[in-house]
Amino acid sequence: MKYPTAIYLDHAASSTLRESASKAMVEAWQKGPGNPASTHHAGRAQRRILEDARDKVASLLGAFPDEVVFTSGATEANNLALLGHAAAAGPNSPLIGSPVEHKSVLQVLCELAKAGHPLTLVSPNPEGIVPDLTCALPTGANPGTVTLQLANQETGALQPVGKLGKQLASTHPAWRLHTDATQAVGKIRVDFHSLFVHTLSLSGHKWGGPIGAGALLVRRGWPLRALCHGGEQQDGRRPGTESSMLAAALAVALSEAVADLDAFQTRASAFRQTILNTLKQNAVPYEINGSPEGLPHILNLSFGGIRADLLVMALDLEQVAISAGSACTSGSILPSSVLTSMGLSKDRILSSIRISLGHDTTPEIVDEALVRLIRVVRRLGGGGLS
Ligand code: PMP
């Protein structure tokens with residue numbers, strides 16, 4: 001059997017560009033020049049590509065086309081949502097979130113707190129789930145903003161966003177709810193309106209679209225203040241010439257990911273089981289960090305006593321790409337704030353790695369990755385793995 005040489009199992013950081021997405025970009029580019037805002041035939045051709053992409057994204061995610069604001073990715077979308085909600089809710093309006101959020105949410109919350117918004121962060125349970133944020137709602141305060149991600153970037157834990165949205169809609173209808181759905185879209189079925197959120201962010205490169213293409217869904221009737229000024233594009237919510245090429249690629253990749261949702265879940269669950277069974281059969285001790293009910297394609301494991309940064313480096317020398325914690329924190333040996341907030345020990349956190357599977361992961365890739373992983377763990381463990 002022919003084994004792949006370079007193995008990529010870091011799809012939660014960025015996944016393989018789908019063939020269909022690459023084709024859509026080239027096709028949009030080959031249509032010729034044109035600014036989607038221009039009224040001549042060339043501009044109209046680009047606008048058609050852009051609006052077709054907007055329609056497709058909206059229909060795949062249960063939104064209206066005018067609720068889709070294309071952005072450069074989820075970092076921008078999270079900033080646009082949270083800064084926009086806080087500005088709309090008014091100075092000193094309260095904010096509620098959790099330490100499990102991605103930096104592009106947490107750091108915005110911290111900046112807003114510095115500017116005078118009272119901030120409450122609710123810790124997750126040991127499985128990384130935040131069962132209830134309503135306990136942090138202040139009584140009698142001005143309406144504010146609550147943010148809760150749909151799926152976690154390090155453990156794959158799924159958060160009860162729909163339940164929270166329903167609760168807020170009935171008890172605190174003036175409050176705004178944002179969800180960072182970056183790790184969930186394209187992996188589980190996501191329906192914007194049935195989550196009862198006001199904004200939802202997403203990023204194309206997590207499901208085989210291009211890097212640099214994302215979106216914020218913004219519920220009708222809940223205007224946001226723009227981050228940038230200087231144009232009327234996307235109803236002034238995100239000024240700047242839109243990239244029809246990136247939007248087309250994002251939409252095509254999303255429709256492929258959504259069509260493959262159930263099959264992907266089945267494949268990922270089977271691969272996850274293979275990884276855990278093989279480690280067990282080879283007497284390699286490990287601990288799983290996070291909920292067993294989470295996204296099956298994200299597996300966060302600690303190999304007792306082996307430092308994650310050394311393991312990631314040693315695997316890289318074996319041509320296996322995985323990450324220590326989330327990609328945004330690797331390179332730094334600070335313990336992951338997500339795992340810390342779950343109450344895990346420092347040793348367990350510093351030895352935690354994330355393996356994440358993608359749409360093009362095959363059984364051969366998983367099998368060969370396991371051979372190399374077991375070899376490296378045994379070497380680094382120096383026989384002291386027990
Ligand atoms: N939120 C989450 C949950 C993520 O995993 C990421 C990507 N690491 C982002 C936001 C930022 O996305 P982007 O790379 O599109 O800026």
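All values reported here derive from a predicted model rather than from experimental measurement.

J.: Got a minute to help me understand the overall build of the protein in this structure?
T.: In terms of regular secondary structure, the protein is built from 11 helices and 12 strands. Computed over C-alpha atoms, the radius of gyration of the protein comes to 21 Å, within 12% of the 21 Å expected from 2.2 N^0.38 for 386 residues, which places it in the range of a compact globule. C-alpha extents for the protein along the principal axes are approximately 65 × 55 × 30 Å. Here the protein holds 386 residues, and 55% of them are scored as buried. In the protein, 74% of the contacts between residues at least 6 apart in sequence involve partners at least 24 apart. Of the roughly 16,300 Å² that the protein leaves accessible, carbon and sulfur atoms contribute 56%. Averaging the locations of the 33 positively and 32 negatively charged side chains of the protein gives two centres separated by 1 Å.

J.: What is the right way to read the sheet that holds strand β3 (residues 95-97) from this model?
T.: The strands making up a sheet associate through hydrogen bonds between their backbones, and the pairing can be parallel or antiparallel. Strand order across the open sheet formed by 7 strands is β2-β8-β7-β6-β5-β3-β4, with mixed pairing between neighbours. Whereas interior strands pair on both sides, the edge strands pair on one side only; in this sheet they are β2 (68-71) and β4 (119-121). Along the sheet, successive strands turn relative to each other by an average axial angle of 15°, direction set aside. The pairing of strand β7 (residues 199-203) with strand β8 (residues 214-218) spans 5 bridges and is antiparallel. Residue pairing for β8: S201 is matched across the bridge by L216. Along the sheet, helix α5 (residues 161-171) makes contact with β5 (145-147) and β6 (176-180), crossing β6 at roughly 170°.

J.: Got a minute to help me understand helix α4 (residues 103-114) in this structure?
T.: Because an α-helix completes one turn every 3.6 residues, residues spaced three or four positions apart along the sequence face the same direction. With 12 residues, α4 extends 16 Å between its outermost C-alpha atoms, agreeing within 8% with the 16 Å of an ideal straight helix rising 1.5 Å per residue. Of all the residues in α4, the buried ones are S104, V105, L106, V108, L109 and L112. In this fold, the buried residues of α4 make contact with α3 (74-89), β3, β4, β5, β6 and α9 (337-341).

J.: What should I look at first to understand the domain arrangement of the protein in this one?
T.: How large an interface is tends to be reported as the accessible area lost when its parts come together. Here the protein is partitioned into domain 1 (7-16 + 261-380) and domain 2 (19-258). With centres defined by C-alpha atoms, the gap from domain 1 to domain 2 works out at 27 Å. For the pair domain 1 and domain 2, the summed buried area comes to about 2,500 Å², and 54% of that belongs to carbon and sulfur atoms. The largest contributions to the domain 1 side of the interface with domain 2 come from L261, L295 and V338, which together make up 27% of the buried area. For the pair domain 1 and domain 2, the interface holds 1 salt bridge. R189 is paired through a salt bridge with D262; the nearest N and O atoms lie 3.4 Å apart. Where domain 1 meets domain 2, there are 14 residue pairs in polar contact (both at pLDDT 80 or more). Contributing elements (two or more residues each) for the side of domain 1 that touches domain 2: α7 (261-281), β10 (298-302) and α9. Split into classes, the residues belonging to the side of domain 1 that touches domain 2 amount to 11 nonpolar, 18 polar and 3 charged.

J.: Quick question: what am I supposed to make of the sheet that holds β10 here?
T.: Taken in spatial order, the 3 strands of this open sheet run β9-β10-β12, and their pairing is antiparallel. Because the sheet does not close on itself, it has two edges, and the strands there are β9 (287-288) and β12 (352-356). Note: β10 against β12, 5 bridges, orientation antiparallel. Bridged to L301 within β12 is I353.

J.: Before we go on, may I ask you to explain helix α2 (residues 41-60) in this structure?
T.: With 20 residues, α2 extends 29 Å from end C-alpha to end C-alpha; this agrees with the ideal 28 Å at 1.5 Å per step. Elements in contact with the buried residues of α2: α1 (19-30), β2 and α6 (244-259). Phi turns positive one or two residues past the end of α2, at G62, with a value near 65°.

J.: Any chance you could explain the confidence of the model for the protein here in plain terms?
T.: Low pLDDT means the predicted atomic positions in that stretch should not be read closely. Looking at the protein, the pLDDT average stands at 94 and 95% of residues meet or exceed 70. Every residue in residues 382-386 scores below 50 in pLDDT, and together they form 7 contacts with partners more than four places removed in sequence or on other chains.

J.: How do you make sense of the packing of α2 against α6 when you look at a structure like this?
T.: Relative placement of two packed helices is described by the angle separating their axes and the distance separating the axes. Between α2 and α6, whose axes approach to 8 Å, the crossing angle comes to 30°. Considered as vectors, α2 and α6 are oriented roughly parallel to each other. Note on packing geometry: the crossing formed by α2 with α6 is left-handed. In this structure, α2 uses Q46, I49, L50, A53, K56, V57 and L60 to contact α6, whose residues at the interface are S244, A247, A248, L250, A251, V252, L254, S255 and V258.

J.: Help me understand the site of the ligand, please; the structure alone is not making it clear to me.
T.: Taken together, 14 residues form the shell around the ligand, and within it T75, D180, Q183, S203 and K206 come nearest. In this structure, a nitrogen atom belonging to the ligand sits 3.3 Å away from a side-chain N or O atom of H102. Here T182 contributes a side-chain N or O atom positioned 3.4 Å from a nitrogen atom of the ligand. Protein coverage of the free-state accessible area of the ligand, which is 390 Å², stands at 87%. Looking at the shell around the ligand, the element that brings in the most residues is α3, giving 3 residues. Taken together, the residues of the shell around the ligand break down into 2 nonpolar, 10 polar and 2 charged.

J.: What is the right way to read the packing of aromatic side chains from this model?
T.: Each aromatic ring pair is specified by the distance between its two centres and by the angle formed by the two planes. Counted under the stated rule, the structure contains 0 aromatic pairs. Sitting over the ring of F64, R220 keeps its end group 3.8 Å from the ring centre.

J.: Help me understand a nonpolar patch on the surface in this model?
T.: A cluster of nonpolar residues, V26, W29 and M245, forms a patch on the protein surface that exposes about 310 Å² of accessible area. Along the chain, the position of M245 falls in helix α6. Residue M245 is classed as partly exposed on the basis of its relative accessible area, which comes to 31%.

J.: Mind showing me how you'd approach the environment of G90 here?
T.: With respect to the helices and strands, G90 occurs in the loop between α3 and β3. Overall, G90 belongs to the buried group, its relative accessible area being 14%. Taking the C-alpha atoms as reference points, G90 and M313, separated by 223 residues in sequence, lie 47 Å from one another.

Analysis parameters
- Residues numbered from 1 in each chain as written.
- Predicted model: local features only at pLDDT ≥ 70, side-chain atom pairs only at ≥ 80, totals over all residues.
- Heavy atoms only, no water.
- Helix = DSSP H or I, 4+ residues; strand = E, 2+ residues; numbered from the N terminus.
- Rg over C-alpha atoms; globule rule 2.2 N^0.38 Å.
- Buried < 20%, exposed > 50% of the residue type's maximum accessible area, 1.4 Å probe, protein only.
- Contact = heavy atoms within 4.5 Å.
- Areas by Shrake-Rupley, 256 points an atom, 1.4 Å probe, with all protein chains shown as cover.
- Lys, Arg positive; Asp, Glu negative; His and termini not counted.
- Charge placed at Lys NZ, Arg CZ, Asp CG, Glu CD.
- Pairing = 2+ DSSP bridges.
- Axes fitted to C-alpha atoms, helices over the stretch in contact; angles between N-to-C directions.
- Expected span 1.5 Å × (residues − 1).
- Domains from an automatic or database assignment.
- Buried area = accessible area lost by both parts, 1.4 Å probe.
- Salt bridge = Lys/Arg side-chain N within 4 Å of Asp/Glu carboxyl O.
- Polar contact = N/O pair within 3.5 Å; in protein donor to acceptor, adjacent residues only side chain to side chain.
- Nonpolar A, V, L, I, M, F, W, Y, C, P; charged D, E, K, R; others polar.
- pLDDT = per-residue confidence, 0-100.
- Parallel < 35°, antiparallel > 145°, perpendicular 65-115°, else oblique.
- Left-handed = near helix turned anticlockwise from the far one by under 90°.
- Near = heavy atom within 4 Å.
- Phe/Tyr/Trp six-rings, centres within 6.5 Å; stacked < 30°, edge-to-face > 60°.
- Lys NZ or Arg CZ within 6 Å of the ring centre and 35° of its normal.
- Patch = residues over 30% accessible without salt bridge, like charges linked within 9 Å, V, L, I, M, F, W, Y side chains within 5 Å.

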